[in-house]
Amino acid sequence: MMENGGQHKEPRTLYGIAASPGIVIGRVVRVGGAGQGRHRHYRLHAGEVAAEQERFRAAVDQAEQELAAIRDQLQAHCEEPLGIVDSHILMLRDRMLRGRVTEGIASERVNAEWALELALDRVEALFAGIKDSYIRERFRDVEHVAERLFRLLAGEVTDPLAEVGEKVIVMARDFSPEDTIRMRTDRILGFVTEMGGATSHTAIVARSLGIPSVVGLERLTEEVADNTMVVLDGTAGRLHVDPSRDQLEQFREQQRQYRRYTEEVALYAHLSPVTVDGLAVAVNANIEMVSELGVALEYGAGGIGLFRSEYSYIAAAALPDEETLFGVYQRLLAGCAPFPVTIRTLDIGGDKFASAVRWGGEANPAMGLRAIRFSLREQGIFETQLRAILRAGRFGTARLLFPMISSRDEIRRIREIVGRVKEGLRRDGLAFNDGIPMGIMVEVPSAVALADILAQEVDFFSIGTNDLIQYALAIDRVNEYVAHMYDPLHPAVLRMIRQVVDAGHAAGIEVGLCGEMAGDVMCLPLLLGFGIDELSMHPLAIPYVKRMIRQSTIADVRALVETVARCSSSLEIRGHLAAFLPQRYPEEFAGGGGLQRLLRGEGG
Ligand code: PEP
Ligand code: MG
């Protein structure tokens, strides 16, 4: 048993969301938070007001200098999130905080911390009245900025990591974008947060840096004190706190096994994904930032199967202009060449939101003004993005992908707009890729039903199972009451995927799949059996998927598909897979094979 802060602590486990895989053992250090200064409240005499306002101004100046330094330091290797740093600098200058606090010190005759607290309460009330949950959550950004000011006012070190000698696991309620960007430091073993989901900014950055991470650990900062010994299991999404000596030994063994297994699998990263009987399947990566390209290629991606283009819009305070977008896409395409890149146009709305776009609250955002619907309504924004993609399309092998298509007419409207955009580029004398292939995401049930018709209109399909499953089964994934019913092996889902692949092939076009299901090793034999041409997934899944493809035989997976087609429930399908997988992929699944243990969350 471990001693901590003089107290005898019981070993315990906190359960969160697996955000970035790997097991690390170490002490936790808390970053962020308002520090001790927040609750220092005192009243001022009239003669003290000017000096207190000056003390606050100095803190603001220092915060601005710190943020500017962070931005400059990172400019070289991590450009996309800088928009957020800039927006934090703007918030510092904004009347909302600066003006209110300066006035508050004078009108309430209170110290700067108190005035800041009052200003923050008022801003929070303002944000709380906003219907749209994304904008409401932007209050976290104001809090991040305020927390920096509280720490500076109290004269605390703003970067606790600067003081740490050993490698540590960093913990926070939520990391600000500046914090996560600084995760590049070699002193960090892993990180854990109270807030966030698997697709949060923190999780994405963690994965792109290959740092193990668990997010969504409720009450983390209340239950785990600074300096506590923990085992972070980013594969299973668990944090073991104050482990006993025996447990620690067990975890060390798991960590060794996990390393051996991943090293072994890594050997498959750069082998071609071809079945035993010679069928090649493209295995590509899904990324959201150009800075993830390196990791994707390192893990053996044959290209980028899905570039989610939302980041440029979400990260910045203002809408990105054509030149900014052109720069991003040009770096992406040139960096990936000669491998292909599929750029998806803006999929904003639903749970993703751009701060520069004013939004009316929608009762049901997943079924609202999302993705292509938004682009067709806000055609100026759409055309700017299309111009940037078409121009950048000359610098590599580019494909253009449109999200959430639900009818043929949408495709016709898109084609008209693309035609107009090309005309404009010609008029402006700008070089562009005139022959860029255009495809659609099949992620709405109506597109599945019309797959044979839509296949006549486009150059390729990419099945978005994340959304398709949600819309087909009417399961809101973030609704705790029904989340367990979200099931890629539901027979209805499998029928839909098969139908889309068959319709695409009948029309002579390629069909890929780019939802999370593409990297789900349980589903892989079925997807191969359906004849899918491309699987695009999270980069870290690539070596596992390649290894399994290289152990697969087409005749076997086709026979499995036929067996499964006769099943009427997911349970029955899982029963067949439970027999098939260990038999065909013994290293992964049989006798407690490595992958099996990973899936069970035992980390080895
Ligand atoms: C999908 O829906 O499967 C998909 C890949 O798109 P996103 O997760 O970005 O909605
Ligand atoms: Mg989708």
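Nothing here was measured: the structure is a model prediction, and the numbers come from that model. (Residues numbered from 1 in each chain as written. Chains lettered and ligands numbered in written order. Predicted model: local features only at pLDDT ≥ 70, side-chain atom pairs only at ≥ 80, totals over all residues. Heavy atoms only, no water.)

Here's the deal with the overall build of the chain
Heads up, the rule is: The secondary structure listing takes helices from DSSP runs of H or I that are at least 4 residues long and strands from runs of E that are at least 2 residues long, numbered from the N terminus. The buried label goes to any residue with under 20% of its type's maximum accessible area, the exposed label to any with over 50%, and the partly exposed label to all in between, with areas taken from a 1.4 Å probe on protein chains only. Where accessible areas are quoted, they stem from the Shrake-Rupley method and a 1.4 Å probe; at the residue level, only the protein chains shown are allowed to cover.
Helix and strand counts for the chain stand at 26 helices and 18 strands. Across the 604 residues that make up the chain, the buried fraction comes to 54%. Accessible surface computed for the chain: about 25,200 Å², of which carbon and sulfur atoms make up 50%.

Description of the sheet that holds strand β15 (residues 438–442)
To keep it simple, the criterion reads: Here, a strand pair is defined by DSSP locating no fewer than two bridges between the strands. With axes taken as lines fitted to C-alpha atoms, and helix axes fitted only over the stretch in contact, angles between N-to-C directions fall between 0 and 180 degrees. Residue contacts are defined here by distance: any two heavy atoms, one from each residue, within 4.5 Å place the two residues in contact.
Pairing within the closed barrel is parallel, and its eight strands lie in the order β11-β12-β13-β14-β15-β16-β17-β18. Within this sheet the neighbouring strands show an average axis-to-axis angle of 25°, counted without direction. Pairing analysis gives two bridges linking strand β17 (residues 510–513) to strand β18 (residues 534–537), with the strands arranged parallel. When the sheet's bridge partners are listed, Gly-512 is paired in β18 with Glu-534. Sheet strands touched by helix α22 (residues 542–550): β11 (282–287) and β18. Its angle to β11, the strand with the most contacts, is close to 165°.

Things to note about the site of ligand 1
Applied cut-off: Throughout this document, a residue counts as near a molecule or strand when at least one of its heavy atoms sits within 4 Å of that molecule or strand. In protein, a polar contact means a hydrogen-donor-capable atom and an acceptor-capable atom, both N or O and within 3.5 Å, with residues adjacent in sequence counting only if both atoms are side-chain atoms; elsewhere, any N or O pair within 3.5 Å suffices. Three classes are used: nonpolar for Ala, Val, Leu, Ile, Met, Phe, Trp, Tyr, Cys and Pro, charged for Asp, Glu, Lys and Arg, and polar for all others, with Gly counted as polar.
Not every one of the 14 residues close to ligand 1 is listed here, only the nearest: Arg-308, Arg-344, Glu-443, Gly-464 and Asn-466. A distance of 3.4 Å is found between an oxygen atom of ligand 1 and a backbone nitrogen or oxygen belonging to Gly-464. When isolated, ligand 1 has an accessible area of 290 Å², and the protein chains bury 94% of it. When contributions to the shell around ligand 1 are tallied by element, the ones reaching two or more residues are β12 (304–308) and α19 (465–473). With three residues, α19 is the largest single contributor of residues to the shell around ligand 1. Counted by class, the shell around ligand 1 contains three nonpolar, four polar and seven charged residues.

Points about helix α13 (residues 322–336)
Heads up, the condition is: Multiply 1.5 Å by the residue count of a helix minus one, and that product is the helix's expected span.
Look at α13: 21 Å from first C-alpha to last across 15 residues, which is about the 21 Å you get at 1.5 Å a residue. Turning to α13, its buried residues are Glu-322, Leu-325, Phe-326, Gly-327, Val-328, Tyr-329, Leu-332, Leu-333 and Cys-336.

Quick notes on the coordination of the magnesium ion (ligand 2)
What counts is decided by this rule: Any N, O or S atom lying within 2.8 Å of the metal counts as a donor, with the limit raised to 3.2 Å for Na, K and Ca; because water is left out of the atom set, some sites can appear incomplete.
Protein coordination at the magnesium ion (ligand 2) comes from Glu-443 (OE) and Asp-467 (OD), with a distance range of 2.1 to 2.2 Å. One end of the pair, Glu-443, is in the loop between β15 and α17 (445–449); the other, Asp-467, is in helix α19, with 24 residues separating them in the sequence. With relative accessibility at 2%, the residue Glu-443 sits in the buried group. By relative accessible area, Asp-467 is classed as buried at 10%.

Remarks on the packing of aromatic side chains
We describe a pair of aromatic rings using the distance from one ring centre to the other and the angle between the two ring planes. Short version of the rule: Between 30 and 60 degrees the pair is tilted, below 30 it is stacked and above 60 it is edge-to-face, where a pair is any two Phe, Tyr or Trp rings, Trp via its six-membered ring, whose centres lie within 6.5 Å.
Within the structure shown, the criterion is met by four aromatic pairs. When the centroid spacing of 6.1 Å and the interplanar angle of 70° are considered together, the rings of Phe-326 and Phe-395 count as edge-to-face. Of this pair, Phe-326 sits in helix α13 while Phe-395 is found in the loop between α15 (379–392) and β14 (397–402), placing the two residues 69 residues apart along the sequence. Here Phe-326 falls in the buried class, since its relative accessible area comes to 13%. For Phe-395, a relative accessible area of 30% corresponds to the partly exposed category. Summarising the aromatic geometry, the rings of Phe-382 and Phe-402 are spaced 6.2 Å apart at their centres and angled 75° between planes, so their arrangement reads as edge-to-face. Residue Phe-382 is found in helix α15, and its partner Phe-402 is found in strand β14; the two are separated by 20 residues along the sequence. Owing to a relative accessible area of 1%, Phe-382 belongs among the buried residues under this scheme. On the accessibility criterion, Phe-402 (3% relative accessible area) is buried.

Comments concerning the confidence of the model for the chain
The predicted coordinates should not be examined in detail at positions where pLDDT is low. Short version of the rule: Per residue, pLDDT measures the predictor's confidence, with a range of 0 to 100.
Averaged over all residues, the pLDDT of the chain equals 85, while 83% of them reach at least 70. Counting contacts from residues 1–8, a segment whose pLDDT is below 50, to residues more than four positions away or on other chains yields 20 contacts. Confidence over residues 600–604 falls short of pLDDT 50; this stretch has 18 contacts with residues more than four positions distant or in other chains.

As for the environment of Ala-285
Residue placement: Ala-285 occurs in strand β11. Along the sequence, Ala-285 and Ile-542 sit 257 residues apart, while their C-alpha atoms lie 7.6 Å from each other. Setting aside residues no more than four positions away along its own chain, Ala-285 makes contact with Ala-296, Ala-301, Gly-303, Ile-304, Gly-305, Leu-306, Ser-536, Met-537, Pro-539 and Ile-542.

Here's the deal with unusual backbone geometry
With omega at 10°, the peptide bond leading from Ala-337 into Pro-338 counts as cis. Relative to the elements of secondary structure, Pro-338 occurs in the loop between α13 and β13 (340–344). With phi around 55°, Arg-109 is a residue other than glycine that occupies positive phi space. When you line up the elements, Arg-109 lands in the loop between α3 (95–108) and α4 (112–128).

Notes on the pattern of salt bridges
The condition that has to hold: Counted as salt bridges are all cases of a side-chain nitrogen of Lys or Arg within 4 Å of a carboxyl oxygen of Asp or Glu.
Using the criterion set out here, one finds 32 salt bridges in the structure. Among the ionic pairs, Glu-66 bridges to Arg-148, the shortest N-O distance being 2.6 Å. With Glu-66 in helix α1 (residues 49–74) and Arg-148 in helix α6 (residues 139–153), the pair connects residues that are 82 residues apart, well separated along the chain. Of the residues examined, Arg-148 reaches a relative accessible area of 7% and is grouped as buried. Ionic pairing is found between Arg-547 and Glu-264, a salt bridge with its closest N-O pair at 3.0 Å. Within this pair, whereas Arg-547 is found in helix α22, its partner Glu-264 is found in helix α10 (residues 245–266), the two being separated by 283 residues in sequence. Sharing partners across several salt bridges, the network here consists of Glu-310, Arg-344, Asp-347, Arg-370 and Asp-467.

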